[in-house]
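# Results of the structural survey
Okay, here's what each chain looks like letter by letter:
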Amino acid sequence: MTVDLRSDTVTRPTAAMRSAMAAAEVGDDVFGDDPTVNALQDRCADLLGTEAGLYLPSGTQSNLVALLTHCGRGDEYVVGFDAHTYSHEGGGAAALGAIQPQPIAVEPDGTLDPDVIDSVVKPRDAHFARTRLVCLEDTKSGVALPVGYHRVVADRARSRGLALHLDGARIWNSAVANAVDESTIAGPYDTVSVCLSKGLGAPVGSVLCGSKAFLDEAHRWRKVVGGGMRQAGIIAAAGLYALDHHRARLADDHANAQRLADGLAGIEPFTTSVHTNMVMLDLGGVAFEALSPVLSERGVVTYGSGPVLRLVTHLDIDESAIDLAVDAFAEAVRGSQPRR
Ligand SMILES: *Cc1c(COP(=O)(O)O)cnc(C)c1O
């Protein structure tokens with residue numbers, strides 16, 4: 001058995017999901033007549049409470065298309081220092097859109113401080129880039145943003161004439177953790193990008209949600225960046241299946257993450273913190289290289305090399321997998337320390 005804790009992206013489509021894909025009705029989505037893609041877009045828009053949705057191959061492309069639509073050449077967006085759109089998407093907004101990021105600190109609760117946002121908005125003057133947009137992320141490194149925050153930051157952004165985008169790759173986890181509908185989180189934003197290929201377990205796909213007018217323009221940018229797909233209903237069917245069957249069960253992933261964090265915290269000298277489906281494991285000075293032979297022998301796969309490891313639970317990790325992982329870490333630590 002392999003216990004792959006690298007990310008919630010490593011899941012394999014279930015047999016039932018594959019059946020749904022095989023049975024999907026399809027058309028040509030570039031002509032807009034793939035019924036399964038259209039159903040997925042409508043379903044996401046429904047869940048998030050927006051007018052419409054646009055299916056894209058990845059979360060990276062979804063965020064990029066949102067940025068290209070919100071901002072023009074020489075415009076600027078305010079974003080967290082280690083936000084995915086800024087730090088993990090190849091600088092796409094700058095490379096392809098000539099859009100300048102204005103990064104600011106991310107607070108421990110995953111939010112951007114509205115006062116700091118205020119302080120970096122540029123005056124309308126020929127010297128400065130035009131600040132157009134604020135970009136949030138929920139969950140942020142697993143942390144579910146406080147539900148009340150979204151309205152506060154939206155009011156502040158609007159008072160400065162800025163639009164608001166949410167990178168909601170894991171909005172599903174945030175909704176479960178906060179026990180609210182996704183639409184409660186999405187409500188204050190102009191646009192929200194969601195991933196189907198993380199905790200929801202679809203093999204591929206994201207949906208950008210917003211107003212019809214915005215998405216008409218975004219549709220053009222999707223074509224420009226090569227995201228127009230044909231019989232995409234085959235993969236959209238997996239997304240629809242995931243929305244119907246894998247959203248509520250994210251609570252299991254959160255419980256499993258807690259179980260993992262508790263188990264690992266019982267091992268000297270580890271300390272852990274846990275948010276939704278992510279465990280941050282501080283190795284307490286133990287070198288990862290000393291642990292990795294036993295971990296690989298036991299089939300426990302992790303990403304990175306410390307001193308803090310991010311471990312992520314998902315659809316293919318059950319309680320017995322958690323217990324195996326904790327056991328493997330315990331054995332690895334025992335083996336790493338010189339016997340007295
Ligand atoms: C994974 C992720 C993305 C991008 O999704 P891909 O489908 O991998 O391109 C964007 N934002 C966040 C927060 C993510 O975790």
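Here's what I pulled together on the structure shown here. These numbers come from a predicted model, not from an experiment.

### Considering the pairing of strand β8 (residues 206-210)
Of all the 5 residues making up β8, 5 are buried; the element is thus mostly covered by neighbouring parts of the structure. Taking every second residue as pointing to the same face, both faces of β8 are buried, with S206, L208 and G210 on one and V207 and C209 on the other. Pairing of strand β2 (residues 52-56) with β8, which is carried by 5 bridges, proceeds in the antiparallel orientation. Paired with Y55 across the strands is V207, a residue of β8. Here strand β7 (residues 191-195) pairs with β8 via 4 bridges, running antiparallel.

### Points about the nonpolar core
Among the nonpolar cores identified, the biggest contains 46 residues, and L40, Y55, V134, L136 and I171 are the most heavily contacted of them. Ranked by the residues each element gives to this core, the list is headed by helix α11 (residues 233-245), at 6 residues. Counting 29 residues, the second-largest nonpolar core is a separate cluster that includes F270, L309, L311 and A332.

### Quick notes on the sheet that holds strand β9 (residues 271-275)
Sheet architecture is open: 3 strands sit in the order β9-β10-β12, paired in antiparallel fashion. Each edge of the open sheet is held by one strand with a lone partner, namely β9 and β12 (308-312). For this sheet the average axis-to-axis angle between neighbouring strands, irrespective of direction, equals 20 degrees. In this sheet, β12 lies alongside strand β10 (residues 278-282) in antiparallel orientation, the contact comprising 5 bridges. Along β12, the bridge assignment pairs M278 with V312.

### Thoughts on the pattern of salt bridges
Tallied over the entire structure, the rule returns 19 salt bridges. K122 is the partner of E76 in a salt bridge, and the nearest nitrogen-oxygen pair spans 3.0 Å. Of this pair, E76 sits in strand β3 (residues 75-80) while K122 sits in the loop between α6 (114-120) and β5 (130-137), placing them 46 residues apart in sequence. Taking relative accessible area as the criterion, E76 reaches 0% and is therefore assigned buried. Residue R156 pairs with D118 through a salt bridge whose shortest N-O separation is 2.8 Å. With a gap of 38 residues between them, R156 in helix α7 (residues 149-159) and D118 in helix α6 connect regions that are remote in the sequence. Shared partners join several salt bridges into a network, and the residues in it are D115, D118, R156 and R160.

### Quick word on empty space enclosed by the protein
Following the criterion strictly, the structure yields 1 cavity of 30 Å³ or more and no others. Of the volumes computed, that of the largest cavity is approximately 50 Å³. Taken together, G80, A83, V106, G110, L112, C135, L136, E137 and K140 form the lining of the largest cavity. Considering every element that reaches the lining of the largest cavity, the biggest residue donor is β5, with 3 residues. The class makeup of the residues in the lining of the largest cavity is 5 nonpolar, 2 polar and 2 charged.

### Looking at unusual backbone geometry
As a rule of thumb, non-glycine residues mostly have phi less than zero, and peptide bonds are mostly trans rather than cis. The amide bond that connects D138 to the next residue, T139, takes the cis arrangement and shows omega of 0 degrees. Mapped onto the elements, T139 comes out in the loop between β5 and α7. Following E268, the chain continues to P269 via a peptide bond in cis, the omega torsion being -5 degrees. You can see P269 is positioned in the loop between α12 (250-265) and β9. Positive phi values are uncommon outside glycine, yet A98 reaches one of about 50 degrees. Inspection of the secondary structure puts A98 in the loop between α5 (92-97) and β4 (100-104). Of the residues examined, A98 reaches a relative accessible area of 27% and is grouped as partly exposed. Its identity is not glycine, yet S141 carries a phi of approximately 50 degrees, on the positive side.

### Re the packing of helix α13 (residues 288-297) against helix α14 (residues 319-336)
The geometry of α13 relative to α14 is characterised by a closest axis approach of 8 Å and an angle of 135 degrees between their N-to-C directions. Between α13 and α14, the crossing angle belongs to the class labelled oblique. You can see that α13 and α14 cross each other, and the crossing is right-handed. Note on element contacts: α14 touches α13 through A328, F329, E331, A332, V333 and S336, opposite A290, L291, V294 and L295. Taken together, the residues of the contact of α13 with α14 sort by class into 8 nonpolar, 1 polar and 1 charged.

Conventions adopted
Residues numbered from 1 in each chain as written. Predicted model: local features only at pLDDT ≥ 70, side-chain atom pairs only at ≥ 80, totals over all residues. Heavy atoms only, no water. Buried < 20%, exposed > 50% of the residue type's maximum accessible area, 1.4 Å probe, protein only. Helix = DSSP H or I, 4+ residues; strand = E, 2+ residues; numbered from the N terminus. Pairing = 2+ DSSP bridges. Core = buried A, V, L, I, M, F, W, Y, C linked by side-chain atoms within 4.5 Å. Axes fitted to C-alpha atoms, helices over the stretch in contact; angles between N-to-C directions. Salt bridge = Lys/Arg side-chain N within 4 Å of Asp/Glu carboxyl O. 1 Å grid on protein atoms, 1.4 Å probe; cavity = no way out; pocket = protein on both sides within 12 Å on 5 of 7 lines; lining within 4 Å. Points joined across faces, edges and corners; volume = space filled by probe spheres on them. Nonpolar A, V, L, I, M, F, W, Y, C, P; charged D, E, K, R; others polar. Parallel < 35°, antiparallel > 145°, perpendicular 65-115°, else oblique. Left-handed = near helix turned anticlockwise from the far one by under 90°. Contact = heavy atoms within 4.5 Å.

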